[in-house]
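# Coordinate analysis (summary)
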Amino acid sequence: MKRIFVLLAVLFSVGFSENLTKLGAEAYNNGDYQKTLDLWQKACDEGNALGCGGLGILYKNGIGVKQDYQKAAHFYQKACNGGEALGCGVLGTLYKNGQGVEQDYQKAAQLWQQACDGGDATGCFNLGVLYDKGQGVGQNYQKAAQLLQKACDGGEALGCGSLGFLYENGRGVKQDYKKAAQLHQKACDGGYAADCGSLGFLYEYGKGVRQNFSTAKEYYGKACDLDLQPGCDDYRKLNEKGY
């Protein structure tokens, strides 16, 4: 869903020949999906990569049309071929998940590299995860750390959190609990439960931060509120100890 809003923001912000893409975005926001489909189809037919990417959104998510991953992949490919980094990024996700295309981690890695090179922070994050796990690419923790740093710097909170785990465990980077805490803080602030839980752990055991059971309990509580059961369990344990 986040990618939908990002692409819509782009559709509104650039100056198109092609007022068609902007008009389509306006129709989308007004809930007139048939008009959106017609306008973005015309834009795509005229070679507008953003219009093609917009069609990918509709077909991938079944908005105003029957959900069709094959058509979504087709239009995201056209967007990617037209230089639209977000199109490459979402197409990479389709290849990773085998939605509308045959599952192919190597192809996903290639597409996420294109997306990352084009400034798509989520593409950098996804590629970093592949290097961390060794899926479609040779496992390389240092490369993973570099990509996750780029994702984090680009505003992708999940990239910050994943990089935090690398620093916490000393994978691809020198172990640094203080750095891990800073990165988990960014991700927790972005609403990611696992990072709130990790902050709770660091505060409970005084790793990279001054030991503080009350603060640990606070972060475990945040993790619990975000539906992370271990966070609820750890919150309860500290609560039973009187913190």
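Put simply, helix H7 (residues 105–117) and helix H8 (residues 121–133) touch, their axes get as near as 8 Å, and they point 140° apart. In terms of their interaxial angle, H7 and H8 are classed as oblique. Both H7 and H8 take part in a crossing whose hand is left-handed. For the pair formed by H7 and H8, the contact residues are Tyr105, Ala109, Trp112, Gln113, Ala115 and Cys116 on the first element and Gly123, Cys124, Asn126, Leu127 and Leu130 on the second.

Right, let's get into unusual backbone geometry. A positive phi angle, near 75°, is found at Asp227, a position not held by glycine. As for its position among the elements, Asp227 is in the loop between helix H13 (213–225) and helix H14 (229–240).

This paragraph deals with the confidence of the model for the chain. Per-residue pLDDT for the chain has a mean of 92; in total, 93% of the residues score no lower than 70. Per-residue pLDDT stays below 50 along residues 12–17; that stretch engages in 10 contacts with residues further than four places along the chain or on separate chains.

So, about the state of the cysteines. A full pass over the atoms with the stated rule returns six disulfides. Here Cys188 connects covalently by a disulfide to Cys196, the sulfurs 2.1 Å from one another. The disulfide joining Cys188 to Cys196 has a torsion of about 100° about its S-S bond and is therefore right-handed. Bridging Cys224 to Cys232, the disulfide has an S-S length of 2.0 Å. Because the sign of the S-S torsion sets the handedness, a value of about 95° for the bond joining Cys224 and Cys232 places this disulfide among the right-handed ones. A residue is classified by how much of its surface remains accessible, and Cys224, at 23% relative accessible area, is partly exposed. On the basis of relative accessible area, Cys232 is assigned to the buried category, the value being 18%.

So, on to the nonpolar core. Counting 49 residues, the largest nonpolar core has Leu55, Leu58, Tyr76, Leu91, Leu94, Leu163 and Leu166 as the members making the most contacts within it. Setting aside its immediate chain neighbours within four residues, Leu91 contacts Ala73, Tyr76, Gln77 and Leu111. Counting residues in each nonpolar core, the second largest holds 12 residues, with Leu199, Tyr203, Ala216 and Ala223 among its members.

Parameters at a glance
Residues numbered from 1 in each chain as written. Predicted model: local features only at pLDDT ≥ 70, side-chain atom pairs only at ≥ 80, totals over all residues. Heavy atoms only, no water. Axes fitted to C-alpha atoms, helices over the stretch in contact; angles between N-to-C directions. Helix = DSSP H or I, 4+ residues; strand = E, 2+ residues; numbered from the N terminus. Parallel < 35°, antiparallel > 145°, perpendicular 65-115°, else oblique. Left-handed = near helix turned anticlockwise from the far one by under 90°. Contact = heavy atoms within 4.5 Å. pLDDT = per-residue confidence, 0-100. Disulfide = S-S within 2.5 Å. Buried < 20%, exposed > 50% of the residue type's maximum accessible area, 1.4 Å probe, protein only. Core = buried A, V, L, I, M, F, W, Y, C linked by side-chain atoms within 4.5 Å.

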